Amino acid sequence: MLFLGAASVIHALHHEQDIWKMGNLKGKMPITFWTFAIGTLALCGVPPLSGFYSKDSIIAAASPWAEHGSIGLFLIAAFVAVLTTFYMGRLFFVAFLGKAKSESADHAHESPAVMTYPLVFLAILSVLAGVIGIDSIYGHFFGHAHETAGFPNNLLEPFGHAPLAAFIGLAAVGIGSIGAFMFYYNAASDKFTTMFKGLSKAMSNRFYFDELYEKLIAVSQEALARLADAIDRWIIAGLLVRG
């Protein structure tokens, strides 16, 4: 739903994809705005929306008291939950609220029904996921289904199954939301980049994973490929066949 919502915004703004050239889309694109808001809250893990239950399952599985969990995995899961809320808050505040930051944003309009109807349909599913007990539904596909009785039990199941994980998830939402609000509510530019220049540069370069990956490939896969080529060219084809 969030990807389709992003496409709706890009379509309305004539293929603009820079969120710092958006803003004030709430009144101009109400369907996209409200469905994107629901999707954002769901992804952040706000109950009773769908993401709360999936995020709770991940944090609970990573926790030290789980079968394959550990304190390291638990801390990573909690940090990622905070980070998710922070960057989704950034996106939502900058793109949909505040002042229009470009002419295309100022003249934006709602997308056609062929784009908004799927958003509404998926938003309804995101809202109802907790009510219908989505855990017991997708659990059947992984061989660890557990039945719950009635919608109150479905809604509160994470608090009974792994209460600490559920409350950690809620705390992550609160911390990430406060951070996003402080940095990006009604912001005309990215304050984060000026306050944390080194970290911002590393993040914009994806923590240099692409460069690291390229170096690793050069000394592993590329080296093995050259070795295999030399053996094939000089030993198999050269010495054994032509020799």
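This text goes with the structure placed above it.
Quick summary incoming for the structure in this document. (Residues numbered from 1 in each chain as written. Predicted model: local features only at pLDDT ≥ 70, side-chain atom pairs only at ≥ 80, totals over all residues. Heavy atoms only, no water.)

## With respect to the pattern of salt bridges
Here is step 1 of the chain: Across all of its chains, the model carries 4 salt bridges by this definition.
Here is step 2 of the chain: Close ionic contact of Arg-90 with Asp-190 constitutes a salt bridge, the shortest N to O distance being 3.2 Å. You can see Arg-90 sitting in helix α4 (residues 71-96) and its partner Asp-190 sitting in the loop between α9 (163-184) and α10 (191-195), a full 100 residues away along the chain.
Here is step 3 of the chain: Taking the shortest distance from any N to any O, the salt bridge between Glu-222 and Arg-226 comes out at 3.5 Å. With a gap of 4 residues between them, Glu-222 and Arg-226 both fall in helix α13 (residues 221-242), about one helical turn apart.
Here is step 4 of the chain: Judged by its relative accessible area of 36%, Glu-222 falls in the partly exposed class. (Salt bridge = Lys/Arg side-chain N within 4 Å of Asp/Glu carboxyl O. Helix = DSSP H or I, 4+ residues; strand = E, 2+ residues; numbered from the N terminus. Buried < 20%, exposed > 50% of the residue type's maximum accessible area, 1.4 Å probe, protein only.)

## Some points on the nonpolar core
Here is step 1 of the chain: Of all hydrophobic cores here, the largest spans 28 residues; its most connected members are Val-9, Leu-13, Met-22, Leu-25, Phe-92, Phe-96 and Tyr-184.
Here is step 2 of the chain: Looking at this core, the elements that each hand over two or more residues are α1 (2-12), α2 (30-44), α4 and α9.
Here is step 3 of the chain: For this core, the element with the highest residue contribution is α4, accounting for 7 residues.
Here is step 4 of the chain: Residues in contact with Leu-13, not counting those within four places in the same chain, are Lys-21, Met-22, Leu-25, Ser-104, Ala-105 and Ala-108. (Core = buried A, V, L, I, M, F, W, Y, C linked by side-chain atoms within 4.5 Å. Contact = heavy atoms within 4.5 Å.)

## Here we look at the environment of Pro-112
Here is step 1 of the chain: When you line up the elements, Pro-112 lands in the loop between α5 (103-106) and α6 (113-132).
Here is step 2 of the chain: For Pro-112, a relative accessible area of 37% puts it in the partly exposed group.
Here is step 3 of the chain: Separated by 57 residues in sequence, Pro-112 and Lys-55 place their C-alpha atoms 32 Å apart.

## Some points on the packing of aromatic side chains
Here is step 1 of the chain: Tallying each qualifying case throughout the model produces 19 aromatic pairs.
Here is step 2 of the chain: Their ring planes at 40° and their centres at 5.1 Å tell us that Phe-36 and Phe-96 sit as a pair that is tilted. In this pair, Phe-36 sits in helix α2 while Phe-96 sits in helix α4, placing the two residues 60 residues apart along the sequence. For the pair shown, Phe-36 and Phe-96 are each scored as buried. (Phe/Tyr/Trp six-rings, centres within 6.5 Å; stacked < 30°, edge-to-face > 60°.)

## Re the layout of surface pockets
Here is step 1 of the chain: One number sums up the size of the largest pocket: a volume of about 570 Å³.
Here is step 2 of the chain: Contributing to the lining of the largest pocket are 21 residues, with Leu-83, Phe-86, Tyr-87, Phe-192 and Met-203 lying nearest its centre.
Here is step 3 of the chain: If you list the elements that add at least two residues to the lining of the largest pocket, you get α4, α9, α10 and α11 (197-204).
Here is step 4 of the chain: In terms of residue count, the dominant contributor to the lining of the largest pocket is α4 (7 residues). (1 Å grid on protein atoms, 1.4 Å probe; cavity = no way out; pocket = protein on both sides within 12 Å on 5 of 7 lines; lining within 4 Å. Points joined across faces, edges and corners; volume = space filled by probe spheres on them.)

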